[in-house]
Number of protein chains: 2
Amino acid sequence: MTTPLLTEIDHVAIAVRDLEAAIAWYRVTFGADVAHREIVDHDGVEEALLVVADSFIQLVAATRDDSPVARYLERRGEGLHHVGYRVADCAAALQAVKDRGGRAIDEHPRPGSRGTTVAFVHPSAAFGTLIELVQE
Amino acid sequence: MTTPLLTEIDHVAIAVRDLEAAIAWYRVTFGADVAHREIVDHDGVEEALLVVADSFIQLVAATRDDSPVARYLERRGEGLHHVGYRVADCAAALQAVKDRGGRAIDEHPRPGSRGTTVAFVHPSAAFGTLIELVQE
């Protein structure tokens, strides 16, 4: 018997080249409004969060050529970049991942956007998926 | 003023080679249980849905070599494959996409897994993201 660590899909992150164009498309097509915008210097991105129920679509664009998102766009093009899961305790969730053979990108939780505490898990030991653990 | 068409992130779909191994990893790492399994002949996949609040992680593996997911795995490897958004009316949401320059893969809504009605939207006119519209 296990206790679910993931309490919500916090966001799906979509890497785009033109943030304004992407925001506009989601707004006029789906009526999805921007709840929050932020430049995250640590990650070299500007992000816009669009509300979908208790989750977000996170549109992310690179703010510098050497950011991971810029390299991702060059290598794979626009599209789904990572998934963020909301957790009650980021440190505990990160430890659970490490204990089960997962590979942490962030060895310890660190500040994310909109005041969250986050840690990224490497896709190489997570079936190809870049996972972000998000504690509000 | 627009009305939000997307009422929930229905699922994030993750293409994997070994469905049992992926299910086991999500269970032991995150305590995520399988709520539903189904072979979807139309799409050439077997899927397992893991519950996260009102959403799902959809693990998908190919059931035949010529399925789109098999080709995706060959071309891009394991990882995030598409995102499914829950909508009240799949036909109306699909029409909204078409009206705004989106490109439908399914010209009309069709049966999806677990008794849903679905339509896929092509990534080429949606910032690289394969989008599924899901009506329960």
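Heads up: these notes are all about the structure in this document. Note that the coordinates shown come from a computational prediction; the quantities given were computed from them, not determined experimentally.

Brief notes about the interface of chain A and chain B
(1) Moving on: On the chain B side, the residues contacting the 46 residues of chain A number 46 residues.
(2) Moving on: In terms of surface lost to chain B, no three residues of chain A exceed Trp25(A), Phe30(A) and Phe127(A), which account for 21% of the buried area on that side.
(3) Moving on: Here chain A and chain B share zero salt bridges between them.
(4) Moving on: Taken together, the connections running from chain A to chain B amount to five residue pairs in polar contact (both at pLDDT 80 or more).
(5) Moving on: Contributing elements (two or more residues each) for the side of chain A that touches chain B: β1 (6–15), α1 (19–30), β4 (55–62), α2 (68–76), β5 (79–87), α3 (90–99) and β8 (131–135) of chain A.
(6) Moving on: Ranked by residues supplied to the side of chain A that touches chain B, first place goes to α1(A) with eight residues.
(7) Moving on: A per-class count over the side of chain A that touches chain B returns 29 nonpolar, eleven polar and six charged.

Notes on the pattern of salt bridges
Residues and elements named next belong to chain A.
(1) Moving on: For the structure on display, the rule yields 20 salt bridges over all chains.
(2) Moving on: The partner of Asp10 in a salt bridge is Arg86, and the shortest N-O contact between them spans 2.8 Å. Of this pair, Asp10 sits in strand β1 while Arg86 sits in strand β5, and the two are 76 residues apart along the sequence. Residue Asp10 shares its accessibility class with Arg86, and that shared class is buried.
(3) Moving on: Arg37 is the partner of Glu46 in a salt bridge, and the nearest nitrogen-oxygen pair spans 2.9 Å.
(4) Moving on: In this structure Arg37 comes out as partly exposed when scored by relative accessible area, which is 35%.
(5) Moving on: Salt bridges sharing common partners tie together Asp10, Arg86, Arg114 and Glu136.

Quick notes on the environment of His122(A)
Residues and elements named next belong to chain A.
(1) Moving on: Topologically, His122 is positioned in the loop between β7 (117–121) and β8.
(2) Moving on: A C-alpha to C-alpha distance of 11 Å links His122 and Leu133, two positions eleven residues apart in sequence.
(3) Moving on: Within polar-contact distance, the side chain of His122 engages the backbone nitrogen of Ser124 at 3.0 Å.

A few points about the side chain of Glu132(A)
All names here are of chain A.
(1) Moving on: Here Glu132 lies in strand β8.
(2) Moving on: No salt bridge is formed by the buried Glu132, whose closest oppositely charged neighbour, Arg110, lies at an N-O distance of 6.1 Å.
(3) Moving on: Of note is the side chain of Glu132, whose polar atom sits 3.0 Å from the side chain of His82.
(4) Moving on: The residues touching Glu132, leaving out its near neighbours within four places in the chain, are His11, His82, Val83, Gly84, Tyr85, Val118, Ala119 and Phe120.

A short note on the sheet that holds β8(A)
All names here are of chain A.
(1) Moving on: The strand order β2-β3-β4-β1-β5-β8-β7-β6 describes an open sheet built from eight strands, whose pairing is mixed. The open sheet terminates on both sides in strands that have one partner only, identified here as β2 (34–40) and β6 (110–111).
(2) Moving on: Note: β5 against β8, four bridges, orientation parallel. Bridge pairing in β8 places Gly84 opposite Glu132.

Topic: the nonpolar core
(1) Moving on: Residues Tyr26(A) and Tyr26(B) are the most contacted members of the largest nonpolar core, which totals 66 residues.
(2) Moving on: For Tyr26(B), the contacting residues outside a window of four places in its chain are Tyr85(A), Ile131(A), Ile14(B), Gly31(B), Ala32(B), Leu50(B), Ile57(B) and Leu59(B).

Reading guide: rules and limits
- Residues numbered from 1 in each chain as written.
- Chains lettered and ligands numbered in written order.
- Predicted model: local features only at pLDDT ≥ 70, side-chain atom pairs only at ≥ 80, totals over all residues.
- Heavy atoms only, no water.
- Contact = heavy atoms within 4.5 Å.
- Buried area = accessible area lost by both parts, 1.4 Å probe.
- Salt bridge = Lys/Arg side-chain N within 4 Å of Asp/Glu carboxyl O.
- Polar contact = N/O pair within 3.5 Å; in protein donor to acceptor, adjacent residues only side chain to side chain.
- Helix = DSSP H or I, 4+ residues; strand = E, 2+ residues; numbered from the N terminus.
- Nonpolar A, V, L, I, M, F, W, Y, C, P; charged D, E, K, R; others polar.
- Buried < 20%, exposed > 50% of the residue type's maximum accessible area, 1.4 Å probe, protein only.
- Lys, Arg positive; Asp, Glu negative; His and termini not counted.
- Pairing = 2+ DSSP bridges.
- Core = buried A, V, L, I, M, F, W, Y, C linked by side-chain atoms within 4.5 Å.

All we've got here are geometric facts, nothing functional implied.
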